[in-house]
Structures are given as structure tokens and as C-alpha cells.
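# Breakdown of the fold
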Amino acid sequence: MAAVQWKLKQAADDKFCNDNAAEGRRMAEMEKLSLVAKALTPSPIQQLSYLAQRYNAINLAEGFPDFPAPPHIKNAAVSAINSDFNQYRHVQGICDHVARKMKEMHGLDVDPLTDIVICCGQSEAFAATMFAIVDQGDEVIIFDPSYETYETCIRLAGGVPVHVALEPPNWTLNLDKLKKSFTVKTKAIVLNSPHNPTGKVFTKDELEIIAGACQTWNILAVTDEVYEHITFDKESHISLASLPEMQKRTIVTSSLSKTFSVTGWRIGWAIAPAWIASAVRNIHIRITDSAPAPFQEAALTALSSPPAYFDSLRSDYESKRDCAVNMLAEVGFKLQFKPKGSFFVFAPLPENCTLSDVEFVEELIKQAGVVAVPGCGFFHTTLCEENSSPAALSYQRRYIRFAFCKSEDTLAAASRKLSKLVDAYAILVSRVRAIRLGRLVSKNSCFKVNSLISCYVAHLAILLLAQKSEHSFK
Ligand SMILES: Cc1ncc(COP(=O)(O)O)c(C=O)c1O
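Residues numbered from 1 in each chain as written. Predicted model: local features only at pLDDT ≥ 70, side-chain atom pairs only at ≥ 80, totals over all residues.

## Re the overall build of the protein
Each helix and strand counted, the protein has 17 helices and 12 strands in total. The buried share of the protein, taken over its 474 residues, is 40%. Counting contacts in the protein only where the partners sit at least 6 residues apart, residues at least 24 apart contribute 76% of the total. (Helix = DSSP H or I, 4+ residues; strand = E, 2+ residues; numbered from the N terminus. Buried ≥ 20, exposed ≤ 12 C-beta atoms within 10 Å, placed from the backbone. Contact = placed C-beta atoms within 7 Å.)

## Describing the packing of helix H6 (residues 121-133) against helix H10 (residues 274-287)
Contact geometry for H6 and H10: axes closest at 8 Å, N-to-C directions at 115°. Taken together, the axes of H6 and H10 are roughly perpendicular relative to one another. The hand of the H6/H10 crossing is right-handed. Note on element contacts: H10 touches H6 through Ile276, Ala279, Val280, Ile283, His284 and Ile287, opposite Glu124, Ala128, Thr129, Phe131 and Ala132. Of the residues belonging to the contact of H6 with H10, the class tally is 8 nonpolar, 2 polar and 1 charged. (Axes fitted to C-alpha atoms, helices over the stretch in contact; angles between N-to-C directions. Parallel < 35°, antiparallel > 145°, perpendicular 65-115°, else oblique. Left-handed = near helix turned anticlockwise from the far one by under 90°. Nonpolar A, V, L, I, M, F, W, Y, C, P; charged D, E, K, R; others polar.)

## Quick notes on the sheet that holds strand S6 (residues 220-224)
Within the open sheet, the 7 strands sit side by side as S2-S8-S7-S6-S5-S3-S4. Their pairing is mixed. Every interior strand has two partners, whereas the edge strands, strand S2 (116-119) and strand S4 (160-165), have only one. Between one strand axis and the next, the sheet turns through 20° on average, direction left out of account. The sheet contact formed by strand S3 (residues 139-144) and S4 spans 6 bridges and is parallel. The residue bridging Ile142 from the neighbouring strand is His163, located in S4. (Pairing = 2+ DSSP bridges.)

## Structural notes on the site of the ligand
As a matter of local geometry, the ligand sits amid 13 residues, with Gly121, Gln122, Ser123, Ser255 and Ser257 nearest to it. At 3 residues, H6 tops the list of elements feeding residues into the shell around the ligand. A breakdown of the residues in the shell around the ligand according to their chemical character gives 2 nonpolar, 10 polar and 1 charged. (Near = placed C-beta within 6 Å.)

## What to know about the sheet that holds strand S12 (residues 399-403)
Working definition: the strands of a sheet are paired by backbone hydrogen bonds and lie parallel or antiparallel to each other. Here 3 strands make up an open sheet; going across it, the order is S9-S12-S11 and the pairing antiparallel. Whereas interior strands pair on both sides, the edge strands pair on one side only; in this sheet they are strand S9 (344-348) and strand S11 (373-374). Seen against the sheet, helix H12 (residues 307-330) touches S9 and S12 and runs at an angle of roughly 20° to S9.

Take a look at the structure:
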């Protein structure tokens, strides 16, 4: 017996030593990584995607379409591959099209030979821009919430992101907060409109405020306009570059991804005054050399799509927006802000819901078989930046992003799943009420109701539904 105990102790000691050694090795390896890489943790989307797969959940999380790309564009890509456009390539025709569009949409004169750089999506255009303009310690202002990649690109370039919180529920720009964010170290401001995750389209007044600040502080502006063609309710997209005196200090980034439902093609561009565009181009060439050749060729077909294409893109997405907003309202979300552009609804949890955004999405996957994105990943404003109490930032854990860039079938299936859950909950609540009123007394039915209750109490999560029950099932 003593020998067995000794062996067990020995095994435990060995395990302890092995664990310590493994941890030591891991720490030594981690030391070799850059500070930025060490600071990067998996996003909440990645962490939840495994759970979503296990439950085969309907995907309203990812910001890309689940419907086919337009056939004429796909055919152009196939034909480009068959025509052997398969080597490093710069397709100047893209720059010609983009320059024409900038004139048509914003009245801007852009030289297609010098002012446009074709990149691997907006993402590379943005990263190359940051490497081109940011030095160690330069501050770059970003609005909060924001699309996740800006912060990392700024840090990779050695810059310091400075966040300016947009104010819920309408994600209003607060002039005082903006003014306070400028310092002598400010190099640039990033503007994404139409906006991911909120669906906000910055107004002309807000753009004028931003333009005024850029001029006062003599800084650059970097815009992300990937949703430029997806606006609703007769709202139209205004490029910050089109405001007086702004073209000479603005780098516009955009891409084919969202407009043509081809996020995997990786074709985007940066538009800037020649001296900046040349720096961005030099960096782009060193990082990726060129964007995928066959898809650059197919981009020519995409960019020459007739106006009817852009009209139907907008109206199709507006119907999907309405469908998503109605679906969420029906299950009890109280949406104060209806998206004006992009393809996301950023929905606040009901006030009496005690779950955090991440807990809510976990329950949404398990109970309803639908996955969305917890909003916390889009917020970065810290207490010291906001100069206020923790309670003032608690809204950062109370938003869920639902993507509606999905087929009608997907949206209908999600709607059915959520409705089923509401119905099940309604039955549960009415049974509980019946028991309370002494109407349901048989042992058998009490047992059934109790097991239903314990099942729900175990996960009772979608307090949203509880809230709805308070209002509708009383
Ligand atoms: C605001 C915003 N910018 C950029 C991107 C990425 O664009 P691209 O595919 O052109 O790199 C996305 C994708 O979700 C986005 O939402």
C-alpha cells in the first residue's frame, strides 16, 4: 500500500515537474514573439464558432454573404484563369474604373496613374497605409465601437490607438470628446462610414466637424468605405475626401468585397494624393507584391456593372435589414437605432437581462441554434480615455451584432428558430401561471411542468424572453 502511495506521489511530482517544464518552455517561446502578437487574443467570434458548429447554429455572426456571388462576375474570374492571367499582375483598368467612380459619386478628380494602389482587400490597403504614415508613438484616433482590425494595424505600425466613444443609442459623435482626443502626437484619424458594427452613416454635419478638426490639427484622415454602396432609407454615402480641403489629406480605402459579395477574392484599393499613394504602393509591393491576378481581371467586369446592379444591391439589403429588424423586435429586442448602412444590426440587450453579451450569445446558440457576435469585441474605450466611472462603460457588454448579409432562407430559418423559442417559453410561462392559480393540479402535469422549468432554469438565459413574457404573457 505504501509503495502504491509512493508511486502515486512520484507520478504527481513528475506531472508537476513536467507541467512546470512545459510552462517554462511556453514562456521562453512566447518571449520570442512581438509585444503586439502577445497582446492579440482570439476574438469572441473565434471562441464561439466552435460552440456554434457543435449546435449546427444558423450563422448570423459572420460579416459575409452566404448567397452566391453574381454569375457575370464569377464567369469573368473563370475566364481570366482559363486565359492564363495567373501570374503577378497590376491591372491598370481597375484604377481607371475607380477614378471614374470617385468623380461620379463624389466629384473628385483622382489621377488613375498615380493616386490609386490596388491591394489585397481593404484590409491590406489599410495596413499598408498605417505602415506608410505611422511612426513609433504616433497617435491615431479611432471611433469606438469599431471594426476590429484598425487597432491591431495601428499597433503593428508602432502607433498608439486613441479611442473616441460614439454615444449610444444613436452612436452620436460628441464634439467635446473628439476635441479632447487630439494632442501634438496625433497623426491621423480613422473614419468608417457606413459603419461596422452599428450601421451608422455619419451625417454631413459630423463629417464637417471631423474635417474641421483634421485641418485645425493638420492631420491625415484614413477612411474605410467598404459599405459605400450599401445605404438605406434614401441615405447616401458621403466620402470625407469630398469635403473642402480634405482630398489632399485623406486616404480612402475600399474594396470589391461587400459590393460584389466576393469577400474571398481579396481585391481592394487605397486612393490618396500621389505622394502618399506612392508610399503605400511601395509597402504593398514589399508585403504582397500584387493582388490575385484573375480576380483583378474579373474586377473589371464587376466595376463596370450597370447602375441597376447597385440599385438592386441597395434595395435587396434594405429588405434584409427590415426583415432582421422585425425578427429581432418580435423576440423582444427594443431597437432604438435602425441601421442606415452596412449589413449589421447592433442590438442592445434588454435592461433587465442580467447576462453579459458573451453569455447571451452562448445561450442563443444552445437554446435557439442561432449564432451572433457579442459586441464587446468592437469596444476599446478604456476608463482612463473616457475619464468616467466603470458604470458609464457598462454598455460595452450589452450589445449583440447580427449580420443580415444572408439568403432569405437563412433569415427565415433564423426567424423560425427564434419564434419557436418564444413559443416554447410562452407555453412554459402560461403553465407556471396555471399552477400558481391552482388550475393545474394533477401530479403528472406538475411533474412535466417542473421538468420543463428545471430545464429552462438550468439555462435560463434568454432573459430577453423573460422580459417579453413580462410584457406580453401577463
Ligand atoms: C468595416 C470593414 N472594413 C473592412 C472589412 C474587410 O474588407 P476587405 O474584405 O476588403 O479586406 C470589413 C469586413 O468585414 C469591414 O466590416
